[in-house]
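A structural walkthrough
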Amino acid sequence: QLAFYMSGFGNEFASEDPRCPGSLPEGQNNPQVCPYGLYAEQLSGSAFTCPRSTNKRSWLYRILPSVRHKPFTPMSCGDLTENWNEKKVDFISVKDFILVHTAHMGLHTVCGAGDSKSRNGIAIHMYTCNTSMIDKCFQNADGDFLIVPQQGEILITTEFGKMMVEPNEICVIQQGMRFSVDVFGETRGYILEVFGAHFELPDLGPIGANGLANPRDFQTPVAWYEDRTVATGYTIVNKYQGKLFSCQQDFSPFNVVAWHGNYTPYKYNLENFMVINCVAFDHADPSIFTVLTAKSTRPGVAIADFVIFPPRWGVADHTFRPPYYHRNCMSEFMGLIKGHYEAKEEGFQPGGASLHSIMTPHGPDVDCFEKNSTAVLKPERVAEGTMAFMFESSFSMAVTKWGLDTCHRLDKSYYKCWEALKNHFNPNWKPSSKPAETLL
């Protein structure tokens, strides 16, 4: 199926299905009678009184308003949870999450922190499924979903239009937006959920006006509608306060003929990321690879950053080029879309993940250290054919029971990748001799 897009990030977009020209009202948002007999409905992604720079809303012009539905009732949450395990975990590694054959996204919560009720926190989920959502859609009232497909493309139908999202692309479905997912076989991926904030482009500072993820490369779907009655009932699944509820209605929710605003779903191809890297010496901090950030109220501190490690050139002289050994005041959740992660080429497979908790030491395994400590330094391609990523958060994340036990994929020998690191200390080491300098 075809999907069409508009270019830009956070723009004031306007779109109408070409089957209904003139369906956007002229000069106002809420006319007494809308064109084509449509209903006007506003979707607010921020408080009315937020500054203009952060005010998010869109106006939807739909065949029937979303208020026409039966009451919501509780439903099973499966492995979707906010019951973070209180057991202390320094680090975990999952070589690859097994594909579980379930429908409607098959959400499994791995870890998280904070609370959706107070609108402050994050959660990380895996999705695994092989069945499309038929006459069913999902709405997250708790926060935004940043979806990272790892295996299998997904066709996402939203109230704003359709998006085809493939591995090595990402998409963001913002709070309150209804969507349905079609899959085309076994499908797996990662989801970063943030409560109480929206994703935005990171500030560039001295980098300047251009670089990293450029706004023009983000894509927002164009309006598309279906006027479809569902006599057997259409199911709306709503995630609210960490639990799932469902209701029934007799029509498709994707009946938006036209819309305008700046609160939209969007997608981005990671191949378009303009990489910044060191060209002299030392290893830059991974913040230079930030695609999107969800800011906290503390300047420079993120609720969550989405960071990638794309193919690039390594040219630094006199430098250990892989990631350095590190203890961090942030939590680091690593995932792998394809290829091999440069700091751990063995044992970390596409579809797997690792979590390094706050202030837990981590870094290259022994093979990576020994190889790169003696390598002849010359310009080389790094991470060719690979795409690793990181969800980094200022929250101290805890792991769910599913992540620790139920998934049965935990690599309990992960710590052994560092056990063979040798003591290279030489108390008799002397600096290399240099030619004497002559003062004239």
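Please read these numbers as outputs of a predicted model, since none were measured by experiment. (Residues numbered from 1 in each chain as written. Predicted model: local features only at pLDDT ≥ 70, side-chain atom pairs only at ≥ 80, totals over all residues. Heavy atoms only, no water.)

1. A short note on the packing of aromatic side chains
- Evaluated as defined, the whole model comprises 18 aromatic pairs.
- Relative to Tyr-266, the ring of Phe-9 has its centre 5.2 Å away and its plane inclined at 70°; by these criteria the two rings are edge-to-face. With Phe-9 in the loop between strand 1 (5–7) and strand 2 (13–16) and Tyr-266 in strand 20 (residues 266–269), this residue pair connects regions lying 257 residues apart in the sequence. Across the pair, Tyr-266 and Phe-9 agree in class, each one buried.
- On the basis of an interplanar angle of 70° and a centroid distance of 5.8 Å, the ring pair of Phe-289 and Phe-309 is categorised as edge-to-face. Residue Phe-289 is found in the loop between strand 20 and strand 21 (290–295), and its partner Phe-309 is found in strand 22 (residues 302–309); the two are separated by 20 residues along the sequence. (Phe/Tyr/Trp six-rings, centres within 6.5 Å; stacked < 30°, edge-to-face > 60°. Helix = DSSP H or I, 4+ residues; strand = E, 2+ residues; numbered from the N terminus. Buried < 20%, exposed > 50% of the residue type's maximum accessible area, 1.4 Å probe, protein only.)

2. Here's the deal with the pattern of salt bridges
- For the coordinates displayed, the defined rule picks out 14 salt bridges.
- The residue Arg-228 makes a salt bridge to Asp-135 at a minimum N-O spacing of 2.8 Å. You can see Arg-228 sitting in the loop between strand 16 (219–221) and strand 17 (229–240) and its partner Asp-135 sitting in the loop between strand 8 (120–129) and strand 9 (136–140), a full 93 residues away along the chain.
- Residue Arg-228 is classed as partly exposed on the basis of its relative accessible area of 32%.
- Ionic pairing is found between Arg-321 and Glu-380, a salt bridge with its closest N-O pair at 3.4 Å. (Salt bridge = Lys/Arg side-chain N within 4 Å of Asp/Glu carboxyl O.)

3. Side note on the UniProt feature "binding site: Fe cation" (unreviewed entry) in the chain
- As recorded in UniProt, the sites labelled "binding site: Fe cation" (unreviewed entry) are His-326, Glu-332 and His-362. A maximum C-alpha distance of 10.9 Å is found for the annotated residues, which run over 37 residues; spatially they form one tight group.
- Mapped onto the secondary structure, His-326 falls in the loop between strand 23 (312–314) and strand 24 (331–338).
- Overall, the relative accessible area of 22% leaves His-326 in the partly exposed class. (UniProt positions renumbered as here; feature names shortened; annotations may be inferred.)

4. Regarding the pairing of strand 12 (residues 161–165)
- Among the five residues of strand 12, five are classified as buried, and the element is accordingly described as predominantly covered.
- Examined bridge by bridge, strand 11 (residues 154–158) and strand 12 share five bridges and lie antiparallel to one another. When the sheet's bridge partners are listed, Thr-157 is paired in strand 12 with Lys-162.
- Linking strand 11 to strand 12, which pair antiparallel, is a turn of two residues. (Pairing = 2+ DSSP bridges.)

5. Things to note about the sheet that holds strand 19 (residues 256–261)
- Spatially, four strands are ordered 2-19-4-3 in an open sheet, and the strand pairing comes out antiparallel. Of all strands in the sheet, those bounded by a partner on one side alone are strand 2 and strand 3 (39–44). In this sheet, adjacent strand axes meet at a mean angle of 20° when their direction is disregarded.
- Bridge analysis of strand 2 against strand 19 gives four bridges, and the strand direction is antiparallel. Of the residues in strand 19, the one forming a bridge with Phe-13 is Gly-261. (Axes fitted to C-alpha atoms, helices over the stretch in contact; angles between N-to-C directions.)

6. Here's the deal with the environment of Phe-72
- Here Phe-72 is to be found in the loop between strand 4 (57–62) and strand 5 (73–74).
- The spacing of Phe-72 and Val-237 is 165 residues in sequence and 8.8 Å in space, taken between C-alpha atoms.
- Those residues within four positions of Phe-72 in sequence are excluded, and the remaining contacts are Ile-236, Asn-238, Phe-245, Ser-246 and Cys-247. (Contact = heavy atoms within 4.5 Å.)

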